[in-house]
Amino acid sequence: YDRVAALHLPQGTAAALRLDLEKVVLYEPVRRHLLPLANELPPGRSGAQVPARTRLERVQSATGIELGVDLRELVLGWGPGPADWVLIVGGRFPRTGVLDGLQRVLGEEGAVWHRSSDGAALISQGGIALGQAVDGTLIAASNEASLRAALPLTDTHQRLELPTEGPGGFALQGDRVRALIPVPLRLLVPPLRVVDDIEHVHGDLALGPEVVLSTQLRLQSATAEQVVQQLQQLSQNARRLAALPGVPAGPVQAAERLAAEVNGPQEVRVTASWTRDEVDAAARELAGVLRTLFGWAS
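Reading guide: rules and limits
The residue numbering used here restarts from 1 in each chain and proceeds along that chain's sequence as written. In view of the model being predicted, local features appear only for residues whose pLDDT reaches at least 70, and side-chain atom pairs are presented and counted only at 80 or more, with totals across whole chains, interfaces and linings using the full set of residues. The basis for the side-chain values is all heavy atoms of the structure; hydrogens and waters are excluded. In this analysis, strands are considered paired if DSSP registers two or more bridges between them. The secondary structure listing takes helices from DSSP runs of H or I that are at least 4 residues long and strands from runs of E that are at least 2 residues long, numbered from the N terminus. Here an angle of 0 to 180 degrees is reported between the N-to-C directions of two axes, which are lines fitted to C-alpha atoms, with helices fitted over the stretch in contact. We call two residues contacting when some pair of their heavy atoms lies within 4.5 Å. Buried residues of nine kinds, namely Ala, Val, Leu, Ile, Met, Phe, Trp, Tyr and Cys, make up a nonpolar core once their side-chain atoms join them within 4.5 Å. Residue exposure (1.4 Å probe, protein chains only): buried if accessible area is under 20% of the type maximum, exposed if over 50%, otherwise partly exposed. Take a side-chain nitrogen of Lys or Arg and a carboxyl oxygen of Asp or Glu: if they are within 4 Å of each other, that pair is a salt bridge. Whenever two N or O atoms come within 3.5 Å, that pair is a polar contact, provided that in protein one can donate a hydrogen and the other can accept it, and provided that, for residues adjacent in sequence, both atoms are side-chain atoms. The directions considered for the arc run from the helix axis to the C-beta atoms.

Let us look at the sheet that holds strand β10 (residues 210–219). Each strand in a sheet pairs with its neighbour through backbone hydrogen bonds, running either in the same direction (parallel) or in the opposite one (antiparallel). Pairing is antiparallel across the open sheet formed by 12 strands, whose spatial order is β4-β5-β6-β7-β3-β2-β1-β8-β9-β10-β12-β11. Only two strands of the sheet have a single partner each, and these edge strands are β4 (113–115) and β11 (259–264). Each neighbouring strand pair of the sheet contributes to a mean axis angle of 15°, computed without reference to strand direction. Packing against the sheet, helix α5 (residues 98–108) makes contact with β4, β5 (121–124), β6 (129–132) and β7 (138–141), and its axis sits at approximately 155° to β4. In the packing of helix α10 (residues 224–236) onto the sheet, the strands contacted are β10, β11 and β12 (267–275), and the crossing angle to β11 comes to about 175°.

Structure representation (C-alpha cells):
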C-alpha cells in the first residue's frame, strides 16, 4: 500500500493531521480506549432495529473492507472556512461497491443518506458527504463541495509542510494556531502571546515509553531567541494553567516538560512529552467526550 491519503487534502486546507494507523492502533492506549468506538452505535432512531452483528462485521460483509486488516492511514484537514473539514482514510480497499455497501450499513442504523445525481457521493440529511477516489481512498467531508475538492490528487500537503513519515504528523497555519488559544487565555497567561507571531507550525509524533511531539515554529518578526525565552517562561509557570477552568491536564503536563531551542534566525524547535500513563488517561477521557458528543452507546 502506498501512503496517498495526504495527497487528497483539498486546496485551501489551513490545518491537517496525519496518523499512520498501522503504528498508532497498535499503541496500547489507543487500542484499549478509542478503537472500540468503531463498533458503538448512534442513538436509536424511530423504526430502526439494533442490528445483531457489530458495525465492523456489517461493514466487512457489505463492502469487503476488514477495517482491522485493511486500514492504513487517516488524514484530517480543516479549512478554508471554519466549518469546512475532510476526513481521508487510506488502505487496501475495493475500488467498486463500497459506497453502495456503506449506504446499506447506514440505513440499517436508521440513517438516511442519498446518492448524488452522478452517483459519486453519498450525502446525509445534514449535508455530510462520503465518496471514494479512483485510487480507493475513502473520504468524508463537511459538505459535497469539500468532498469533490478532495477526490483528485493535490500538492496541498507539500504547501502545508505536513510530515508524511512516521506514526503521525501535523501542520497548521498561524491563524489556526491562534484560534486554538483564544485572546482571553493569552491575556491571562502572557507567555502564550508567543502565538501572535507564529506564521506556521509543523511537527511529528514518536511513540514509545513516552509520546514525544516535536514541533517546528516559523516566526513572522520576533527573533527565535525571544520566543525561546517566552516558551521557557511558559514552562516555568505551567501550573498556573491548571488553575484555569476548562484547561485539560495534557497541555499542562506537556508545558511543564517543554524544551525549546533556536533552530534558525526565525525558527524554533519545541519538544513536549507525555508518559504512557498520561496518554492512557487522555485516551480514556477523549473516548468519553466522543461518546457524549455523538450520543454513542455500546
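Before going further, it helps to spend a moment on the nonpolar core. One finds Ile-198, Leu-217, Val-227, Leu-231, Ala-260, Val-268 and Val-270 to be the most contacted residues of the largest nonpolar core, which totals 23 residues. Elements with a contribution of two residues or more to this core: β8 (168–173), β9 (198–206), β10, α10 and β12. Ranked by residues supplied to this core, first place goes to α10 with 5 residues.

For Gly-264, the position within the fold is in strand β11. Judged by its relative accessible area of 19%, Gly-264 is buried. Along the backbone, Gly-264 and Ala-224 are 40 residues apart, and their C-alpha atoms lie at a distance of 6.9 Å.

Okay, the pattern of salt bridges next. Side chains bearing opposite charge may pair, as long as their charged atoms lie close to each other. Counting across every chain of the model gives 11 salt bridges. Between Asp-100 and Arg-115 there is a salt bridge, and its shortest N-O distance comes to 2.5 Å. One end of the pair, Asp-100, is in helix α5; the other, Arg-115, is in strand β4, and 15 residues separate them in sequence. In this structure Asp-100 comes out as partly exposed when scored by relative accessible area, which is 39%. With a relative accessible area of 29%, Arg-115 lands in the partly exposed category.

Turning our attention to the environment of Arg-159. Within the fold, Arg-159 resides in helix α7 (residues 156–160). For the pair formed by Arg-159 and Ala-14, sequence separation is 145 residues and the distance between their alpha carbons is 9.9 Å. Beyond its immediate sequence surroundings of up to four residues, Arg-159 is in contact with Gly-12, Thr-13 and Gln-173. Within polar-contact distance, the side chain of Arg-159 engages the backbone oxygen of Thr-13 at 3.1 Å.

It is worth spelling out the pairing of β5 at this point. Neither face of β5 is left uncovered, since the one carrying Ala-121 and Ile-123 and the one carrying Leu-122 and Ser-124 both have all their residues buried. Bridge count for β4 against β5 is 3 bridges, and the pairing is antiparallel. Counterpart to His-114 in the pairing with β5 is Ile-123. Connecting β4 to the antiparallel partner β5 that follows it, the hairpin turn spans 5 residues, and Gly-119 within it adopts a positive phi of roughly 80°. Across 3 bridges, the pairing between β5 and β6 is antiparallel. Residue Ile-123 lies in a different strand from β6, and its bridge partner there is Ala-129.

This part is about unusual backbone geometry. Omega for the peptide link from Gly-79 to Pro-80 comes to 5°, which places this bond in the cis form. Even without a glycine there, the phi angle at Glu-161 is positive, about 65°. Looking at the secondary structure, you find Glu-161 in the loop between α7 and β8. What makes Glu-161 partly exposed here is its relative accessible area of 30%.

Here we come to the pairing of strand β2 (residues 71–78). Residues in a regular strand point their side chains to alternate faces of the sheet. Here 6 bridges tie strand β1 (residues 15–20) to β2, and the two strands are oriented antiparallel to one another. Residue pairing for β2: Arg-18 is matched across the bridge by Val-75. For β2 and strand β3 (residues 85–91), the ladder comprises 7 bridges, and the chain directions are antiparallel. The residue of β3 that forms the bridge with Val-75 is Ile-88. Turn length for the β2-β3 hairpin, with the two strands adjacent in sequence and antiparallel, is 6 residues, and the turn residue Gly-79 shows positive phi of about 110°.

With that out of the way, let us pick up α5. In an α-helix there are 3.6 residues to a turn, and that puts residues three or four apart on one side. Val-98, Leu-99, Gly-101, Val-105 and Leu-106 are the residues of α5 that are buried. Seen from one end, α5 has its buried residues packed into an arc of 160°, which puts them on one side. Residues of α5 that are buried sit in contact with α3 (55–63), β4, β5, β6 and β7. Looking at the residues trailing α5, positive phi occurs at Gly-110, about 90°.

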